[in-house]
Amino acid sequence: MERLVERLEKAVERLEMVCQRPGMCEDGSSKGVAQYVQAFDALLAGPVAEYIKISKEVGGDVQKHAEMVHAGLMSERALLVMASQHQQPAENAFSSLLKPISEQIQVVQNFREKNRGSKLFNHLSAVSESIPALGWVAMAPKPGPYVKEMTDAAMFYTNRILKEYKDVDKKHVDWVKAYLSIWTELQAYIKEHHTTGLTWSKTGPVATEGSKSPSAPQAGAAPPPPGPPPPPAPAPTSSSTDDSASRSALFAQINRGEGITSGLRHVSDDMKTHKNPALKNQGGPVRSGPKPFTAPKPACNANNPSPKTSPKAPALLELEGKKWRVENQENASNLVISDTELKQVAYVFKCTNSTLQIKGKINSITLDNCKKLGLVFDDVVGIVEIINSRDVKVQVMGKVPTISINKTDGCHVYLSKNSLDCEIVSAKSSEMNVLIPTEGGDFTEFPVPEQFKTVWNGQKLVTTVTEIAG
């Protein structure tokens, strides 16, 4: 980590020296490096370097998280270098090029999930909620507003950090400013160089997954990460040696031809259970023979996908009769249902990293199998039901009588002043919080109990909420 910070600091010095030379930073001709790659290097050497430096001072999980964020930014730089030298590829090829960035985003978010007990959980959450901003390279025609939306998603947690450390430790306040400045500067960078989407070269070969970018950046910026190495050959182990010896012995036996059966023992009729049922009733376990061959079921393994994978379901937002169907939406931040009626219901299924707003008054809303979904609605006369979901946020602008949370991990419910009498029913769920509005316009958070104590009082079972100290 120390070496990483030193490299970034040196990169700043070299960039400043380069920019002092006449024409080097203005015309983008510095040794063939595109101007927008140089501008991204400046972002790495400025706000990113400051964020890395302060994260190191904070230490712990924040420092580890910062290293993962830096890896994601370097993967993005490698893509920018490639785009500056190649023509835009087909959509399926572009998806392959985006894979290193999407995988690093997942690494950052998984780290937060695995460290929910961390004392710096708000820091980890602020980063995890906003790190999808790295996906702006796949957004068109408005990548800048997408980055802003992702930045806004971090504000809930950065405000918590500022509130907690404002008068305690200025270092954490500086950390918030440094981190948010990365995305602020990135928005300005996108507005100048990639207003309607990632800018590709007009000349050069069409980019493919095997396309290579320069191994080291010009103008002294930090180098992009090398491509993923080929998978290592499996190291020889004692078990593999034993397996090899066993296979050799088996082949030697097979090569004996008919002689292979010479060592088998004859089984008479009185030893066969199907001709002597009394044997089945004797003690001891009864071994069954091998089962007949059946076609294996498709394995749900990401590393060994089935050769016949089902096609990806299409994204839907449509009115079918009296039901609004919102299905399979991914990274959609501006879903809106506005033309509603009282008899209509909304069913939201398998939507990820998206935001849905439902205007007007509607009968009921169901969220099923959703992940990282934000729902904002005006009025519901029946029930809002959340089932089999994860990390969802629901905000009531008007009134709702009942909210049901079932088999869901991570649910924030923001109530309005008109919906404070709402009944919240939960089962088999965790990490639930209800946020109540205050006079100042902020929200006060209250956790929903997850653990209970049940005792027999002589006549019936009595269940109470468990108070856990600490």
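Residue positions are given per chain, counted from 1 along the sequence in the order it is written. Owing to the predicted nature of the model, reporting of local features is limited to residues with pLDDT of at least 70; listing and counting of side-chain atom pairs is limited to 80 or more, with chain, interface and lining totals taken over all residues. Here the side-chain values reflect all heavy atoms present in the structure, with hydrogen atoms and water set aside.

- With an unreviewed UniProt entry as reference, the protein chain is termed Adenylyl cyclase-associated protein, source organism Uria aalge.
- For the record of the protein chain, the UniProt heading Function (unreviewed entry) holds the text "Directly regulates filament dynamics and has been implicated in a number of complex developmental and morphological processes, including mRNA localization and the establishment of cell polarity." UniProt positions are given in the numbering used here, feature names are shortened, and annotations may be inferred rather than shown by experiment.

1. Description of the sheet that holds strand β6 (residues 364–368)
- Here a strand pair is declared whenever DSSP counts at least two bridges between the two strands. The helix and strand labels rest on DSSP assignments: H or I over at least four residues marks a helix, E over at least two residues marks a strand, and numbering proceeds from the N terminus. The strand order β1-β2-β4-β6-β8-β10-β12 describes an open sheet built from 7 strands, whose pairing is mixed. A strand with exactly one partner marks an edge of an open sheet, and here the two such strands are β1 (316–320) and β12 (423–427). Neighbour-to-neighbour, the strand axes of the sheet open up by a mean angle of 10°, direction not taken into account.
- Pairing analysis gives 5 bridges linking strand β10 (residues 402–406) to β12, with the strands arranged parallel. Each bridged residue has a counterpart across the sheet, and for I403 the counterpart in β12 is I424. To get an axis, fit a line to the C-alpha atoms, keeping to the stretch in contact for a helix; angles then go from 0 to 180 degrees between the N-to-C directions.

2. Overview of helix α4 (residues 91–114)
- Expected span of a helix: the number of residues minus one, times 1.5 Å. Taking 1.5 Å per residue as the helical rise, α4 with its 24 residues ought to reach 34 Å, and the 33 Å between its terminal C-alpha atoms agrees with that figure.
- To get the bend at any residue, fit one axis to the seven residues that end at it and another to the seven that begin at it, then take the angle between the two axes. If you look at α4, its biggest bend is around 45°, right at L98, and the proline P100 turns up within four residues after that.
- The buried label applies to any residue whose accessible area, calculated with a 1.4 Å probe on protein chains only, is under 20% of its type's maximum; exposed applies above 50%, and partly exposed to all values in between. Burial in α4 covers these residues: F94, L97, L98, I101, Q104, I105, V108, Q109, F111, R112 and E113.
- Each element contacted by the buried residues of α4 is listed here: α3 (60–85), α5 (121–130), α6 (143–165), β7 (371–380) and β9 (390–399). The contact rule is simple, with two residues in contact once any of their heavy atoms fall within 4.5 Å.

3. Notes on the sheet that holds β7
- Read from one edge of the open sheet, 7 strands run β3-β5-β7-β9-β11-β13-β14, paired in mixed fashion. Edge positions in the sheet fall to β3 (335–337) and β14 (443–447), since each of these pairs with one other strand and no more. Shown here is a sheet whose adjacent strand axes are inclined to one another by a mean of 15°, direction ignored.
- With 3 bridges connecting them, β3 and strand β5 (residues 352–362) associate as parallel partners. Counted as the bridge partner of I337 is I358 from β5.

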